[in-house]
Amino acid sequence: MLNITIQRTDSPKVKPASDKLGFGKHFSDHMFLMNYSTEKGWHDARIVPYGPISLEPSAMVFHYAQELFEGMKAYRTADGTIQLFRPDRNIERMNNTCDRLCVPRIDPADALQAIKAVVDVDKDWVPTEEGTSLYIRPFIIATDSMLGVHPSHTYLFMIILSPVGSYYEAGINPVKICVEREYVRCVKGGTGLAKIGGNYAASLIGQQKAEQMGYAQVLWLDGIHRKYIDEVGAMNVFFVIDGVVITPELTDGNILPGVTRRSAIELLKSWGVPVEERKLSIDEVIEAHKNGKLDEAFGTGTAAVISPIGELFDCGETMVINNNEIGAISKKLYDALTGIQWGKCEDTMGWIEKV
Ligand SMILES: *Cc1c(COP(=O)(O)O)cnc(C)c1O
């Protein structure tokens, strides 16, 4: 058990209107902090008013990007209770990311206690409108004041909270995706499986290029063969070919193990829908489209839950998928996942954790 001290703000902010939330633009009144040092381990757990923090310009995070994060949500149900979706999975993944970046792990029970405590202090910040939620961003930064390239000896773990709007205010519209043939997101042995800012920094150029060409996201291919499907933007990706749902396997360590990905696979299996986790080449997708067998494609992630892909652009050719409409499997997954998250359906999978 952590001993968390709580210092409440004496100037609470005015909360934004629920139709003006957007994503990650507003932050709640409080934040959680905890320090690490080699001598004391993780210590000094505290909740304080949200605000700027002070760091030395030489803090290692600014120079060698020893930083990692998580992303999850608190949902308000119709009866007003607040709940989390599979937080144990996020915490396990955070600790796996810690291992990859040589950052000390956090006891999973302590991490869950910290998340629940800060959400509870700011429970009035969990919005009530349909489709809205409180986005939770835990992250860890290296704070040693030193320019030598070495894992830090001190760290700061923080949790900040942001009320976010409905991802699909105007209904679910399939997005246009562009296959990225020049840049790659990660390679075998690299950091693709870790949720770190560094991966995002490296992906911005591809994203910018896609946006300039009028696409919402890029479809990344693997960094070695430059042909196997990796992820779409910052989401895991699924293709439905001839009734079989296919998503890239995690075995090469270049796919981020999404909680939404895992949950989609488990739901599909429970429904008896055939699912394959395997290597899938872009050529196989193109071939399936040519033969009229590419039924659906969609991305999965905490922010959008399910994001249908309506168009895939590659090497001058546009492939329209499912007539640019959301497919039956995408829709069923979206309804089931959001139903459990917002407490509209029974939690038959045991995925819900009340705050
Ligand atoms: C966070 C993330 C995902 C989605 O993971 P969820 O746990 O489903 O939100 C997918 N890909 C990348 C690169 C990510 O950072």
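Can you help me understand the environment of Ile306 in this one?
By secondary structure assignment, the location of Ile306 is in strand E16 (residues 305-314). When the C-alpha positions of Ile306 and Asn199 are compared, they lie 22 Å apart, and in sequence the two are 107 residues distant. The residues touching Ile306, leaving out its near neighbours within four places in the chain, are Tyr168, Phe298, Gly299, Thr300, Ser330, Leu333, Tyr334 and Leu337.

Can you help me understand empty space enclosed by the protein in this one?
Over the atoms a probe the size of a water molecule is rolled, and this reveals where empty space is left. In the structure shown here, the tally under the stated rule is two cavities of 30 Å³ or more. Estimated volume of the largest cavity: approximately 90 Å³. Lining the largest cavity are Gly71, Met72, Lys73, Tyr75, Phe85, Asn90, Val259, Thr260, Gly301, Thr302, Val305 and Gln341. Among the secondary structure elements, those contributing two or more residues to the lining of the largest cavity are strand E5 (72-76) and helix H5 (259-270).

What is the right way to read the site of the ligand from this model?
Residues in contact with the ligand amount to 14 residues; listed here are only the nearest, Lys195, Tyr200, Glu231, Thr260 and Thr302. In the model, an oxygen atom of the ligand is placed 2.4 Å from a nitrogen or oxygen of the Tyr200 side chain. Val259 has a polar backbone atom sitting 2.8 Å from an oxygen atom of the ligand. Against a free-state accessible area of 380 Å², the protein chains account for coverage of 95% of the ligand. Taking a 2 Å distance to the grid points as the criterion, the majority of the atoms of the ligand fall inside the largest pocket. The residue makeup of the shell around the ligand, split by class, is five nonpolar, five polar and four charged.

Please clarify how the pairing of E16 should be interpreted in this entry.
Walk down a regular strand and you will see the side chains alternate between the two sheet faces. With ten of ten residues buried, E16 lies mostly within the body of the structure. Direction of pairing for strand E9 (residues 175-180) relative to E16: parallel, over a ladder of four bridges. By the bridge assignment for E16, Cys178 is matched with Phe313. The pairing of strand E15 (residues 294-301) with E16 spans four bridges and is antiparallel. Residue pairing across strands places Phe298 opposite Pro308, the latter belonging to E16. The sheet contact formed by E16 and strand E17 (residues 317-320) spans four bridges and is antiparallel.

What counts, and where the lines are drawn
Residues numbered from 1 in each chain as written. Predicted model: local features only at pLDDT ≥ 70, side-chain atom pairs only at ≥ 80, totals over all residues. Heavy atoms only, no water. Helix = DSSP H or I, 4+ residues; strand = E, 2+ residues; numbered from the N terminus. Contact = heavy atoms within 4.5 Å. 1 Å grid on protein atoms, 1.4 Å probe; cavity = no way out; pocket = protein on both sides within 12 Å on 5 of 7 lines; lining within 4 Å. Points joined across faces, edges and corners; volume = space filled by probe spheres on them. Near = heavy atom within 4 Å. Polar contact = N/O pair within 3.5 Å; in protein donor to acceptor, adjacent residues only side chain to side chain. Areas by Shrake-Rupley, 256 points an atom, 1.4 Å probe, with all protein chains shown as cover. Sits in = over half its atoms within 2 Å of the grid points. Nonpolar A, V, L, I, M, F, W, Y, C, P; charged D, E, K, R; others polar. Buried < 20%, exposed > 50% of the residue type's maximum accessible area, 1.4 Å probe, protein only. Pairing = 2+ DSSP bridges.

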